[in-house]
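Chain by chain, the residues:
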Protein chains: 2
Amino acid sequence: MRRLAIVVQYDGSSFHGWQRQTTPDGSPLRTVQGEIDAALVRVMRQPVTTRGASRTDAGVHAVGQVAAFNAETTIPVERVSLALTSALPSDVRVVAAADVPATFDPIRDAVAKGYRYRIRHGSPPTTWPDLERRGWSATVWPELDAAAMGEAAAMLVGTHDFTSFAHTHHGRESAVRTILRCGVVEEQPSQLRIEVVGTGFLYNMVRIIAGTLVEVGRGRRRPQEIPEMLAARDRRSTGPTMPPEGLCLMWIEYPPSLGAPIAPPTAGGPRRS
Amino acid sequence: MRRLAIVVQYDGSSFHGWQRQTTPDGSPLRTVQGEIDAALVRVMRQPVTTRGASRTDAGVHAVGQVAAFNAETTIPVERVSLALTSALPSDVRVVAAADVPATFDPIRDAVAKGYRYRIRHGSPPTTWPDLERRGWSATVWPELDAAAMGEAAAMLVGTHDFTSFAHTHHGRESAVRTILRCGVVEEQPSQLRIEVVGTGFLYNMVRIIAGTLVEVGRGRRRPQEIPEMLAARDRRSTGPTMPPEGLCLMWIEYPPSLGAPIAPPTAGGPRRS
């Protein structure tokens, strides 16, 4: 039995998120994991169930999701991506694969994750996203103060209790997490991205960080209020949860000793700089 | 009664083309014209039927389609785009509008049209398009010789009988058309676009030009064969019709005296250079 890890990219627009799920009456919903598992069955000719590193929500995109699975197969590792992608619909693809130790756990072994939240801002028609990429950003009116947002973002860096920045029912014992980097990049006029890198995230955390930074960008909150929001440990102290379409899971990092796969830059994969 | 002309952009992926149509049993198919006309009814509160300059096929995109309609309305012309786009789904938008003479005919008055045909080429995974824009290019294996394609493209420029480059049932009396510009641009490694500018086009003409240039790019045909293909006046002398997703109608030009609308460059509109 081999254990393989793969890097998966998807346009989340038409998926009910990563994780396999069914409707109350038992019919399967279209999920990324469901498509990947079905492709694995076709390619590996055996039942295979993947474990994903991040259970992205419905509508959330990924260019660097990581998943692992066990399979009895002699397929050369360098052919795995192509074989799986050929068996997948066009909105999901496998861009890298590697043999990993039998104990590899994509969730537990992750040492850092990078997310991007992209926002178009201003007044229409300025806010209309590029037609070709329209499903990959959220829209906010009116124009945002990116400098103030950047100031607020920097105050989130560090190890804090992120209760205020998580869904009320995040379901974890501790809400203490470490943000390694948080910044705002003006990509082009009327378009910015929030970049967040951390060792782990709570449910909805990046979308609530984005919603809080948007409040700062609108001038409704000041960057200096971030420490008191953190101290409040109360979801009501922060901004709204931004919609899923602006969010993209960029990359997940593992200790080099595990040999986890890294997306080739030619496939539009993770940019770690 | 005013006559207005609008510039329309759409992602053709989910449309049965521009022109309103119904299934054999009479139920309406989703078309761009159908969506625009429905939005006009909502905004103008009267029945309105547009006339489009180009009946793009199912799956074909446009960033510079032009349509015209008559309406009894006092809406300021500068508010038309925003009002219509607000009433439209996210895959179609109106980016410019202008009052035009009562006699303005978007088909007859057009003096030139520009099309782009975008191709990813090489071997997978090189050919995998950027995930965010994956619906906006066609894929060809293996790598194409862009220089040879450019040489062949140049030989199409001029006034010729384009019978060989049109659908057999193009339905026009004369197949003589004038190509003003035809070239191949290498956009990035493994990605090129064919740009075609002409005074008028026959059914499937750009997609057959693209298919023929691809044959040249594969080395199956030589650029020097273009004149004999034209002379043959036989559809069987040229390459295959390329799929619709690579094609995009970029712009349509009218005599300046008619005051037809021009898409603002901020909306990703026509580039005439």
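Our subject in this report is the structure included herewith.

Parameters and conventions
Residues numbered from 1 in each chain as written. Chains lettered and ligands numbered in written order. Predicted model: local features only at pLDDT ≥ 70, side-chain atom pairs only at ≥ 80, totals over all residues. Heavy atoms only, no water. Helix = DSSP H or I, 4+ residues; strand = E, 2+ residues; numbered from the N terminus. Rg over C-alpha atoms; globule rule 2.2 N^0.38 Å. Buried < 20%, exposed > 50% of the residue type's maximum accessible area, 1.4 Å probe, protein only. Contact = heavy atoms within 4.5 Å. Areas by Shrake-Rupley, 256 points an atom, 1.4 Å probe, with all protein chains shown as cover. Salt bridge = Lys/Arg side-chain N within 4 Å of Asp/Glu carboxyl O. Least-squares fit on C-alpha atoms with pLDDT ≥ 70 in both. Buried area = accessible area lost by both parts, 1.4 Å probe. Polar contact = N/O pair within 3.5 Å; in protein donor to acceptor, adjacent residues only side chain to side chain. Phe/Tyr/Trp six-rings, centres within 6.5 Å; stacked < 30°, edge-to-face > 60°. Expected span 1.5 Å × (residues − 1). Disulfide = S-S within 2.5 Å. Pairing = 2+ DSSP bridges. Axes fitted to C-alpha atoms, helices over the stretch in contact; angles between N-to-C directions. Parallel < 35°, antiparallel > 145°, perpendicular 65-115°, else oblique. Left-handed = near helix turned anticlockwise from the far one by under 90°. Nonpolar A, V, L, I, M, F, W, Y, C, P; charged D, E, K, R; others polar.

**Topic: the overall build of chain A**
Counting secondary structure elements, chain A contains 5 helices and 10 strands. Its C-alpha atoms give chain A a radius of gyration of 19 Å, within 12% of the compact-globule value 19 Å for 273 residues. For chain A, the spread of C-alpha atoms along the three principal axes comes to 60 × 45 × 40 Å. Relative to its 273 residues, chain A shows a buried fraction of 56%. Here the contacts in chain A between residues at least 6 apart in sequence split such that 70% fall between residues at least 24 apart. Carbon and sulfur atoms make up 51% of the accessible area of chain A, which amounts to about 11,900 Å² in all.

**Looking at the pattern of salt bridges**
Applying the stated criterion across every chain yields a total of 44 salt bridges over all chains. Notably, a salt bridge pairs Arg 221 of chain A with Glu 225 of chain A, separated by 2.8 Å at the nearest N-O pair. Where Arg 207 of chain B meets Asp 57 of chain B, a salt bridge forms, and the shortest distance between an N and an O atom there is 3.3 Å. In this pair, Arg 207 of chain B sits in helix 4 (residues 205-217) while Asp 57 of chain B sits in the loop between strand 2 (51-52) and strand 3 (61-71), placing the two residues 150 residues apart along the sequence.

**Considerations on the relation of the copies chain A and chain B**
Turning chain A through 180° and shifting it by 0.0 Å along the axis lays it on chain B, with an RMSD of 0.0 Å. Overall, the copies show the geometry of a two-fold rotation axis. No C-alpha of chain A approaches the rotation axis more nearly than that of Arg 133 of chain A, which lies at 3.0 Å. Comparing contact sets, 100% of the residues at the interface of chain A also lie at the interface in chain B, consistent with an isologous, same-surface contact.

**Considerations on the interface of chain A and chain B**
Contact residues are listed per partner, giving 24 residues for chain A and 24 residues for chain B. Summing the contributions of chain A and of chain B, the shared interface buries around 2,100 Å²; its carbon and sulfur component is 56%. For chain A, the biggest contributors to the area lost against chain B are Trp 128, Leu 131 and Glu 132 of chain A; these three give 38% of the whole. The interface formed by chain A and chain B holds 10 salt bridges in total. Among the salt bridges present, the one from Arg 134 of chain B reaches Asp 11 of chain A, with a minimum N-O distance of 3.1 Å. Joining chain A to chain B, the criterion identifies 12 residue pairs in polar contact (both at pLDDT 80 or more).

**Details of the packing of aromatic side chains**
Each aromatic ring pair is characterised by the separation of its centres together with the angle its planes make. All names here are of chain B. As enumerated under the stated definition, the model contains 10 aromatic pairs over all chains in all. For the ring pair Tyr 115 and Phe 201, a centre distance of 5.0 Å and an interplane angle of 80° mean the geometry is edge-to-face. Separated by 86 residues along the polypeptide, Tyr 115 in strand 5 (residues 112-121) and Phe 201 in the loop between strand 9 (191-198) and helix 4 bring together distant segments of the chain. With respect to class, Tyr 115 is no different from Phe 201; both count as buried.

**Remarks on the environment of Ala 154 of chain B**
Residue and element names in this part refer to chain B. Mapped onto the elements, Ala 154 comes out in helix 3 (residues 146-154). Ala 154 gets classed as partly exposed once you look at its relative accessible area, which sits at 46%. Expressed as a C-alpha distance, the spacing of Ala 154 and Cys 182, which sit 28 residues apart in the sequence, is 5.8 Å.

**Let's talk about the side chain of Ser 190 of chain B**
Residues and elements named next belong to chain B. Examined against the element boundaries, Ser 190 turns out to sit in the loop between strand 8 (176-188) and strand 9. According to the relative accessible area criterion, Ser 190 is buried, its value standing at 16%. Those residues within four positions of Ser 190 in sequence are excluded, and the remaining contacts are Ile 119, Arg 120, His 121 and Thr 126.

**Thoughts on unusual backbone geometry**
Each neighbour pair has its own omega, and for Pro 124 of chain B with Pro 125 of chain B the value is 5°, a cis peptide bond. Assignment of secondary structure puts Pro 125 of chain B in the loop between strand 5 and strand 6 (138-140). Positive phi values are uncommon outside glycine, yet Ser 190 of chain A reaches one of about 70°.

**As for helix 4 (residues 205-217) of chain A**
Residue and element names in this part refer to chain A. Taking 1.5 Å per residue as the helical rise, helix 4 with its 13 residues ought to reach 18 Å, and the 18 Å between its terminal C-alpha atoms agrees with that figure. Where burial is concerned, most of helix 4 is hidden: 13 out of the 13 residues are buried. Phi for Gly 219, located one or two positions after helix 4, is positive at around 85°.

**What about the state of the cysteines?**
Residues and elements named next belong to chain A. A full pass over the atoms with the stated rule returns 0 disulfides over all chains. In this model Cys 182 remains outside any disulfide bridge; the closest cysteine sulfur is found in Cys 248, 16 Å from its own. Taking relative accessible area as the criterion, Cys 182 reaches 8% and is therefore assigned buried.

**Points about the pairing of strand 4 (residues 92-99) of chain B**
Residue and element names in this part refer to chain B. For strand 4, a buried count of 7 out of 8 residues is recorded, marking the element as mostly surrounded by other parts of the structure. Across 7 bridges, the pairing between strand 1 (residues 2-10) and strand 4 is antiparallel. Looking across to strand 4, one finds that Ala 5 is bridged to Ala 98.

**Details of the packing of helix 3 (residues 146-154) of chain A against helix 4 of chain A**
Residues and elements named next belong to chain A. Axis separation between helix 3 and helix 4 bottoms out at 8 Å; the angle between their running directions is 135°. Relative to helix 4, the element helix 3 lies oblique. Where helix 3 crosses over helix 4, the two elements pack in a sense that is right-handed. Only Leu 213, Val 214, Val 216 and Gly 217 of helix 4 make contact with helix 3, whose side of the interface consists of Ala 148, Met 149, Ala 152 and Ala 153. Here the residues of the contact of helix 3 with helix 4 sort into 7 nonpolar, 1 polar and no charged.

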